[in-house]
Amino acid sequence: MESISQPLIKSLNDLGLSNYEASVYAALVLYDNAEAKELVDFLKISKPSVYEALDHLSEMGLAVKRVTKPARYSAISPEMTIDLLMGRHRKSADRALQALRVLEKEKVRTDKEDALWTIYGDANIEYKIRELFGKAKREINCMIGVRYLPFIENIKIRTISLHLIVISDNPDLEKKLRKRFPEKNADIHVITTAQFRVPPPFAPPEFEELHNQMDVENILELFIDDEESLMVPPFISGSVSVLNTRNKGAVLQMKMFSQLNWKRFTEGEKLPFPPHHAPKMKK
């Protein structure tokens, strides 16, 4: 006779059933209808656990009890079961989201914000980027490498000012981005990797060596309403980690340097620093 697989039990666990409930429901689907004793013998679990699971499944509408002696039980169809469980999840999710939004509005801020947090992994980074784009109220300033483009392609900016630089050698990308963000308040630029690698006037002689350690796809500079920022330097790395901060001083300082580069890349402005002159070597 077919056994109940662990992946099936795990899937039903994820939908809200306990191990016993998942096992008993799956056994009822297999048996068509069964007495509690048959389920105990098949599943090798205790009679009280089987009866408790049957009672709960009946309360949820996932099992039907037939009034016979002894009582027999049958499962509703798998399709109906999945619909019912998903419906319960959706209702619970809606209730939880409403309650969490209330808590978010009442958020208690500490007097001292930690300067930097570190976020690891593409999934967490994507979630954080989407979260910040979604919570922005006034302005988004963003410079990114192409690896992050999929993270923002379905984001809507509404009436928020968007200032976006993407570093890419794709000649058609800027046109596509302007079509993706057609809002009048969207200022979009695509610069080539060669443009990005041009040293600023104050760069030291070691800047050329820095080029060899640079991977522009990794760069991320994101500032939201002067309140929060994400930063990834453009360096070669096997795994990307993002620096995240809500510390006001840190956000404003990092944004200040980012805006200097923004003007240099998009407007060709020279930075307000004297050029660096390497010391002359003595003969």
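Everything here concerns the structure above.
Residues numbered from 1 in each chain as written. Predicted model: local features only at pLDDT ≥ 70, side-chain atom pairs only at ≥ 80, totals over all residues. Heavy atoms only, no water.

Comments concerning the packing of aromatic side chains
Under the definition given, this model contains 3 aromatic pairs. Between Y148 and F151, the ring centres sit 6.0 Å apart and the planes meet at 65°, which makes this aromatic pair edge-to-face. As far as the burial class goes, Y148 and F151 line up, both buried. Taking NZ or CZ as reference, R180 lies 4.7 Å from the ring centre of F181, over its face. (Phe/Tyr/Trp six-rings, centres within 6.5 Å; stacked < 30°, edge-to-face > 60°. Buried < 20%, exposed > 50% of the residue type's maximum accessible area, 1.4 Å probe, protein only. Lys NZ or Arg CZ within 6 Å of the ring centre and 35° of its normal.)

Examining the sheet that holds strand β3 (residues 72–75)
The 3 strands are arranged β1-β3-β2 in an open sheet whose pairing can be described as antiparallel. What marks the edges here is a single partner per strand, and that holds for β1 (34–35) and β2 (63–66). As judged from the 4 bridges shared by β2 and β3, these two strands associate in the antiparallel manner. The partner of V64 across the bridge, within β3, is S74. Most of the contacts of helix α2 (residues 19–31) go to β3, to which it runs at about 95°, and overall it touches β1, β2 and β3. (Pairing = 2+ DSSP bridges. Helix = DSSP H or I, 4+ residues; strand = E, 2+ residues; numbered from the N terminus. Contact = heavy atoms within 4.5 Å. Axes fitted to C-alpha atoms, helices over the stretch in contact; angles between N-to-C directions.)

Brief notes about the pattern of salt bridges
Enumeration according to the criterion identifies 11 salt bridges in this entry. When the shortest N-O distance is used, the salt bridge between K10 and D14 registers 2.9 Å. You can see K10 and its partner D14 sitting in helix α1 (residues 6–14), 4 residues apart, about one turn around the helix. D14 gets classed as partly exposed once you look at its relative accessible area, which sits at 47%. For the salt bridge of E126 with R130, the shortest nitrogen-to-oxygen distance reads 3.1 Å. Of the two residues, E126 and R130 are both situated in helix α6 (residues 122–135); the distance of 4 residues between them amounts to about one turn of the helix. Linked through salt bridges whose partners overlap, the residues forming this network are K128, E131, K135 and E228. (Salt bridge = Lys/Arg side-chain N within 4 Å of Asp/Glu carboxyl O.)

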